[in-house]
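A look at the structure
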Amino acid sequence: MHYLYESEENHMGFPIKEFIHSINQFETHWHKEIEILMVLKGSINMRVGNEQYTLKENDLILINSNEIHNTYKTEEDNVLLAIQINTNCHSHCYGNLNRMYIDCKSFQCKKEEQVKFDRIRKRLAKIVWELNKKKKGYQLLIGSEVHLLLADLISNFNYTMLEDNTLLCFNKETQRLQNIIQYIHENIEGGITLQDVADSQNISIYYLSHFFKQYMGFSFQEYINYIRLDKAVILLTNTEQKITEIAYSSGFPSTKALNTCFREAYNCTPTEYRQKYRNTPNDKKGKMEELRSRTYLDVDRNMALQLLFQYLEIPENNSKDNHQTHKLNEIIEMNVENQVKELLPFWRKLACFGRASDALREEFRNQFRELQKDIGFEYVRFHGIFCDDMLIINFDDNGKLIYNWYYVDKLFDFFKEINIRPFVELGFMPSEFGKTDITVFAWKANITLPKDISLWTNLVKEFIKHCVNRYGLAEVETWYFEVWNEPDLENVFWIGDKESYYEFFKETAMAVKSISPNLRIGGPSITYQTMIENNWLDEFFKYTITHQIPLDFVSFHIYSESYSSKKYAQDLWVRARKGEDFLSLLNSWNELKRIYHDKDHTYNTIISANQKIKESFQEKPELHITEWNASSYGRNLINDTCFIATFIIYNILRANGKTDSLGFWTFTDIIEELKMGISSFHGGFGLINKDGIKKPSYYAYYFLSKLGQYIIDEGEDYIVTKDQDNIQILLYNFAYFDDLFIMGDTSLLTNEARYLSFEEKPGKNINLQINGLSGNYKQICYELNRENGSAVDEWIKMGAPENMDKDEIKYLKGKAYPKVSIEMKDLNNSYTQTIHIPVHGIALIILEKLI
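Residues numbered from 1 in each chain as written. Predicted model: local features only at pLDDT ≥ 70, side-chain atom pairs only at ≥ 80, totals over all residues. Heavy atoms only, no water.

Looking at the pattern of salt bridges
Put simply, the rule reads: In what follows, salt bridge is the name for a side-chain nitrogen of Lys or Arg lying within 4 Å of a carboxyl oxygen of Asp or Glu. Three labels apply to residues, based on accessible area from a 1.4 Å probe with only protein chains included: buried if under 20% of the type maximum, exposed if over 50%, partly exposed otherwise in between.
The full count for this structure, using the stated rule, is 44 salt bridges. For D103, the salt bridge goes to K105, with nearest N and O atoms at 3.0 Å. Residue classification places D103 among the partly exposed positions, given a relative accessible area of 38%. Linked through salt bridges whose partners overlap, the residues forming this network are R119, R123, K126, E145 and D152.

Put into structure tokens, the structure is as follows:
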């Protein structure tokens, strides 16, 4: 069986194994460990020995050591929890444990008898919780829970004791059975018979038939039919073969035999099954994916572990800092004369927002003005400069093309007003120029190639000429021009293949350079997955070199998550283009499984990109990450939390000197890719929510903007800088996602509980000492954490009100500011300070030298 979520302890000599998985095909197996199986979602069919059961949601069964069992799916999807316990590790405590056959089947007991099963479910929930959180000493906690679980089983459930000779005989017979099954699977394609198997094992047909029935619980022919049925299912869902062809290809003697087996197993005909489960022709997973049980992420699940965790009492403030719990004491000592390296403000190079026309709104502009006043980014990137809502393309009565730059001027004049320059994404296609009317986003961005490339290149040239005439060549030569957005996501942002994009890039680059060779052109603005997983970027580099196409900068996007099914994600965009109901699509997006990379994914991806660039170019072009965030989903509830603030700081400090920009997508929740979010804190991308309330992530950039030019010292979760005689100390406590969330389970993430999906870390008591400081200083201390400066935490305390009035918004804006304290210090060759940093917390201390 292929498992996706498997606890690491399986490989560390730990006495248990934990699996969260799904059954998609018929399987027979047995193992030395006892196994407790709980259905978290859906249902499964199971045969244990000669008994057959259907287990439904919340049902629980114990499989004893070496007990032969078969599992196969019903007509609905399923998610299962399996805990396997190596009883040999506990036999020293209870010597008879290995000889026990325990009867534990919740579905055979009445409602009033479920109390003892609920005790088992609670033990399982605690084991999964501790394995997931891995807090200090969790191995001992799990060990104690396993002992208590075994004690509950022995005390509350019936069992029989096996004699030693029975155990020895059973071990010999299971080895023979294993040889028989292996032979069947190795020879199934050749029309295997009972006689063939009997001859291979040197036993009679009569003995084999009874032996097989006794230990497997069904006949040899029934087992062969199950295997053939699995093959038929694969062919039905992945090929265009006719039912008759599938019947013979799978080994059935007739279509009637196939129909009979299908009705017995799935309560439907093969044709009905195909209509329900068939993969589309473009599904690139391939047939081999269906040869194994589906993983936890391959099923349509909606927070399946909620069923399990309901047996735990999880306090709502579980992740809040508690000064009575364990704290990590850390000593940081340095000399003020240390100077490690320069801190480059690359993070201030690029801000991002959704689309060009958004910046024509006054509420958007007010947010942008405040961002620039507080932080001051150099460039800004956005979609849709050529989209229809910018009203650029017009025709007179004679059909002559006329460009209208009115809204472009409004946009760029505003940029000039707030002292920021455009990082122009050249896209999308004006609908009048596109080959088709295929669009993306709620605002209908055309993603097709032009019906005539000259229409596009003339547009690009006239656009740049207009900008030069309005703002001057010297100014426009400081801008960046990026060709398109994520053309690697075919049928999502690009209707075409990579070769058509390469040609499109060449034509666009030549058009830009025809105005001035000093204009900066780059791309390809692809996703990190494409860059890492295949040779798309390498071939693009080769193409530009071979065809002598200028490439002043390389751009791509980094998000911490990826979809378990890229195909399903692309299909959702196709459904959106066809006008499917928005609420239906949003529900589909919510159910789309996401898996997260490790916490150093951003850094590692940037390093990989630099290596690719170094291998391809003698003179290195600039590297710009033109989209970056912890999540690519604008409804992810983590986006509003303090976690994002520490995520930003951790990754930016790690990437110092490795990239020319790292553009956070986006600075505001005023974005309409999936229509505007309804809730005030709906998990939008932004640093600022739609009401103008600053999130904790905003202050990550605010704190970074106050750091000095030179690094005195840095380490895990801290950096100390100086600027002339002033000192800046940035401390943070970064906790990443827990194992279950990384693997796609969102059971612990709700609108009111947003911090249960992170690894458990203690708060930090930091004792700071900087030697070599003397004189009078003003100490300004900013503290940002869940209690201070987190608008979403305060909003939840208010009862998570929607459609807030002006007073409520004003109140939250006031609460969305870090705690600030000011103190005068008279230093004599040393500065010392003790400060507490809770998990997800940040502190910035500024020492300003006074005259």
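Side note on a nonpolar patch on the surface
In plain terms, the rule: A patch is a set of surface residues, each over 30% in relative accessible area and not in a salt bridge, joined within 9 Å for like charges and within 5 Å for the nonpolar side chains Val, Leu, Ile, Met, Phe, Trp and Tyr. In this description, accessible areas are obtained by the Shrake-Rupley approach with a 1.4 Å probe, and a residue is regarded as covered only by the protein chains that are shown.
A cluster of nonpolar side chains, namely Y817, V820, I822, M824 and L850, defines an oily patch on the protein surface of about 470 Å² accessible area. The class of M824 is exposed, set by a relative accessible area of 54%.

Looking at the side chain of T457
Our working rule: Only DSSP runs of H or I covering at least 4 residues are called helices, and only runs of E covering at least 2 are called strands; the numbering of each starts at the N terminus. N or O atoms closer than or at 3.5 Å make up a polar contact, with two conditions inside protein: a donor-capable atom paired with an acceptor-capable one, and, for residues adjacent in sequence, both atoms drawn from side chains. What makes two residues a contact is simply this: any of their non-hydrogen atoms within 4.5 Å.
Structurally, the position occupied by T457 is in helix 13 (residues 453-471). The class for T457 is buried, based on a relative accessible area of 10%. Within the structure, T457 has its side chain in polar contact with the backbone oxygen of S454 (distance 3.3 Å). If near-sequence neighbours (up to four positions away) are discounted, T457 is found in contact with E507 and A511.

A word on the packing of helix 11 (residues 362-374) against helix 12 (residues 406-417)
Definition in use: Think of each axis as a best-fit line through the C-alpha atoms, taken over the contacting stretch in the case of a helix, with angles from 0 to 180 degrees between the N-to-C directions. Throughout this description, any angle smaller than 35 degrees is read as roughly parallel, any larger than 145 degrees as roughly antiparallel, any in the 65 to 115 degree range as roughly perpendicular, and the remainder as oblique. Handedness of a helix crossing follows the sense of rotation of the near helix relative to the far helix, less than a right angle counterclockwise being left-handed and clockwise being right-handed.
Contact pair helix 11 / helix 12: the axes reach a minimum separation of 11 Å and the direction vectors enclose 30°. Between helix 11 and helix 12, the crossing angle belongs to the class labelled roughly parallel. The interaxial crossing formed by helix 11 with helix 12 has right-handed handedness. Between helix 11 and helix 12, the contacting residues are R365, F368 and R369 on the first element and K410, L411, F414, F415 and E417 on the second.

A few points about the pairing of strand 7 (residues 69-85)
Stated precisely, the cut-off is as follows: Following DSSP output, two strands are said to pair if at least two bridges run between them.
Summarising burial for strand 7: 14 of the 17 residues are buried, a large majority. Note that strand 2 (residues 16-21) and strand 7 share six bridges and pair antiparallel. Paired with H21 across the strands is L80, a residue of strand 7.

Some details on the pairing of strand 6 (residues 60-63)
Of the two faces of strand 6, both are covered, the one formed by L60 and L62 as well as the one formed by I61 and I63. Sheet topology places strand 4 (residues 34-48) next to strand 6; four bridges connect them, and they run antiparallel. Among the inter-strand pairings, L37 is bridged to a residue of strand 6, identified as I61.

Regarding the packing of helix 12 against helix 13
Working note: a packed helix pair is described by the angle between its axes plus the distance between those axes. Applicable threshold: Put simply, Ala, Val, Leu, Ile, Met, Phe, Trp, Tyr, Cys and Pro go in the nonpolar bin, Asp, Glu, Lys and Arg in the charged bin, and everything else, Gly too, in the polar bin.
Taken N-terminus to C-terminus, the directions of helix 12 and helix 13 make an angle of 45°; their axes are 12 Å apart at the nearest point. Relative to helix 13, the element helix 12 lies oblique. Pair helix 12 / helix 13 crosses with right-handed handedness. Along the contact surface, helix 12 presents V408, D409, F412, D413 and K416, while helix 13 presents F463, H466, C467, R470 and Y471. Split into classes, the residues belonging to the contact of helix 12 with helix 13 amount to five nonpolar, one polar and four charged.

Remarks on the nonpolar core
Rules: What we call a nonpolar core is a set of buried Ala, Val, Leu, Ile, Met, Phe, Trp, Tyr and Cys residues that are connected through their side-chain atoms within 4.5 Å.
Membership of the largest hydrophobic core comes to 153 residues, with the highest contact counts inside it found for F368, I385, F412, F463, F481 and I648. Top element by residues in this core is helix 21 (residues 642-654). It accounts for ten residues. Core analysis: the second largest hydrophobic core is formed by 42 residues, I34, L153, L740 and A753 among them.

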